[in-house]
Amino acid sequence: MALFNPATATLVESTSGTSTPTTVASSTTSGIILAANSNRKGATIWNDSTATLYLEFGATATTSAFTAKLSPSGYFEVPFHYTGVISGIWSAANGNALVRELT
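What counts, and at which threshold
Residues numbered from 1 in each chain as written. Predicted model: local features only at pLDDT ≥ 70, side-chain atom pairs only at ≥ 80, totals over all residues. Heavy atoms only, no water. Helix = DSSP H or I, 4+ residues; strand = E, 2+ residues; numbered from the N terminus. Rg over C-alpha atoms; globule rule 2.2 N^0.38 Å. Buried < 20%, exposed > 50% of the residue type's maximum accessible area, 1.4 Å probe, protein only. Contact = heavy atoms within 4.5 Å. Areas by Shrake-Rupley, 256 points an atom, 1.4 Å probe, with all protein chains shown as cover. Phe/Tyr/Trp six-rings, centres within 6.5 Å; stacked < 30°, edge-to-face > 60°.

Participant: Give a description of the overall build of the protein that names residues and reports values.
Facilitator: Within the protein one finds zero helices and eight strands. Sequence-ordered secondary structure for the protein, helices as α and strands as β, is β-β-β-β-β-β-β-β. The globule rule puts the C-alpha radius of gyration for 103 residues at 13 Å, and the 18 Å found for the protein is more than 25% above it. Oriented by its inertia axes, the alpha-carbon framework of the protein measures out at about 65 × 30 × 20 Å. Out of the 103 residues belonging to the protein, those deemed buried represent 33%. Considering only contacts in the protein between residues 6 or more positions apart, those separated by 24 or more positions represent 80%. Summed over all atoms, the accessible surface of the protein reaches about 6,300 Å², with 55% contributed by carbon and sulfur.

Participant: Outline the packing of aromatic side chains, supporting the account with residue identities and numerical values.
Facilitator: Within the structure shown, the criterion is met by three aromatic pairs. Between Phe57 and Tyr82, the ring centres sit 4.2 Å apart and the planes meet at 10 degrees, which makes this aromatic pair stacked. Of this pair, Phe57 sits in strand β4 (residues 53–57) while Tyr82 sits in the loop between β6 (75–77) and β7 (86–90), and the two are 25 residues apart along the sequence. The exposure class of Phe57 is partly exposed, given its relative accessible area of 24%.

The structure is reproduced here in structure tokens:
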């Protein structure tokens, strides 16, 4: 029985040459942490607050429906090359989210 070997596949890994920092003030109402960007290769978010930050992959974060819960001084890396909007809401308004978007 003959073996079948498919054609060689070439994998090109996505890389980033630009890191854009932003600061988002904390709020007890949902707000945009990072706007949608089809050129995004990755992003990081650091909760520079003494309050909990709730992140949502979508337009509206709540303290009961969220993608990730960041404790004070918590750090989050956006997974899977997600390019959509990320919203956030804090349990109390103090501090900021320090965001880095890689494009």
